[in-house]
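Here is how the chains run, residue by residue.
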Amino acid sequence: MKALQHLKTILYHKYLVMQGCFKVGLYYQGLTHDLSKFSPTEFMVGAKYFQGNRSPNNAEREDIGYSSAWLHHKGRNKHHFEYWIDYSAVEIKGGMAPAPMPVRYVIEMFMDRIAASKVYEKENYDDSKPLAYFMKGKYCLMHEKTKRQLIVLLKMLARDGEKQTFSYIRHVILKK
């Protein structure tokens, strides 16, 4: 039963991201978003830890100390800022450094955050939820340029709504 619920959640999430991506003209990304979630590595973990109100990866992390599904997912999906972390070419603490994300992946990450908020917030969703969720997180390894771009879009969404923000993305950001 959990596997079916998890599958429905993935499909609904993918549908929401696809809808948003299509509205701004990112058709290929809308179609291919999160395909790795159907791999056994990710799907089986998601089904096992499915709860319906948060990512199963968090439950796996709490259970075993890390998320094997997340480690698989972030390495295959360019819309996650963690995909863009590399060894630094200069000497820095920790040796790792974020790279700026190409704008099309920042937009897909933005759509992903909206969709995840809609999936988990359900009837409590409003356009301020993705920004509120972001502000609670820790993003020390997100490139500053990427972070600024995402925050601008999340604030615009909270203030002006989807229609105006998506129009701005399509006609201004993606026209550059």
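Structure first, text after, so check above.
Criteria and cut-off values
Residues numbered from 1 in each chain as written. Predicted model: local features only at pLDDT ≥ 70, side-chain atom pairs only at ≥ 80, totals over all residues. Heavy atoms only, no water. Helix = DSSP H or I, 4+ residues; strand = E, 2+ residues; numbered from the N terminus. Polar contact = N/O pair within 3.5 Å; in protein donor to acceptor, adjacent residues only side chain to side chain. Contact = heavy atoms within 4.5 Å. 1 Å grid on protein atoms, 1.4 Å probe; cavity = no way out; pocket = protein on both sides within 12 Å on 5 of 7 lines; lining within 4 Å. Points joined across faces, edges and corners; volume = space filled by probe spheres on them. Nonpolar A, V, L, I, M, F, W, Y, C, P; charged D, E, K, R; others polar. Core = buried A, V, L, I, M, F, W, Y, C linked by side-chain atoms within 4.5 Å. Buried < 20%, exposed > 50% of the residue type's maximum accessible area, 1.4 Å probe, protein only. Axes fitted to C-alpha atoms, helices over the stretch in contact; angles between N-to-C directions. Parallel < 35°, antiparallel > 145°, perpendicular 65-115°, else oblique.

Could you give an account of the side chain of glutamate 162, with specific residues and numbers?
Along the chain, glutamate 162 falls in helix H9 (residues 162-173). Here lysine 118 takes part through its side chain, which lies 2.6 Å from a polar atom of the side chain of glutamate 162. Residue contacts for glutamate 162: discarding those within four places in its chain leaves Lys23, Ile114, Lys118, Tyr125, Asp127 and Leu157.

Give a description of empty space enclosed by the protein that names residues and reports values.
In total, this model carries 1 cavity of 30 Å³ or more according to the counting rule given. Estimated volume of the largest cavity: approximately 70 Å³. Together, Leu16, Val17, Gln19, Gly20, Lys23, Met111, Ile114, Ala115, Lys118, Glu162 and Phe166 line the largest cavity. Looking at the lining of the largest cavity element by element, the count peaks at 5 residues for helix H1 (residues 2-24). For the lining of the largest cavity, the per-class residue count stands at 6 nonpolar, 2 polar and 3 charged.

Could you give an account of the side chain of histidine 13, with specific residues and numbers?
As for its placement among the helices and strands, histidine 13 is situated in helix H1. The residues touching histidine 13, leaving out its near neighbours within four places in the chain, are His33, Asp34, Lys37, Asp112, Ala115, Ala116 and Val119.

Can you tell me about the nonpolar core, naming the residues and giving the values?
The nonpolar side chains of a soluble globular protein tend to be buried, and buried together. Judged by nonpolar contacts, the single largest core of 29 residues is most densely connected at Ile107, Phe110, Met111 and Ile169. Secondary structure elements with two or more residues in this core: H1, helix H6 (103-121), helix H7 (129-136), helix H8 (144-160) and H9.

Tell me what's going on with the packing of H6 against H7, and back it up with residues and numbers.
Contact pair H6 / H7: the axes reach a minimum separation of 9 Å and the direction vectors enclose 100°. With respect to their mutual orientation, H6 and H7 come out roughly perpendicular. Residues Arg113, Ile114, Ser117 and Glu121 of H6 lie in contact with H7, whose contacting residues are Lys129, Pro130, Tyr133 and Phe134. In terms of residue class, the contact of H6 with H7 is made up of 4 nonpolar, 1 polar and 3 charged.

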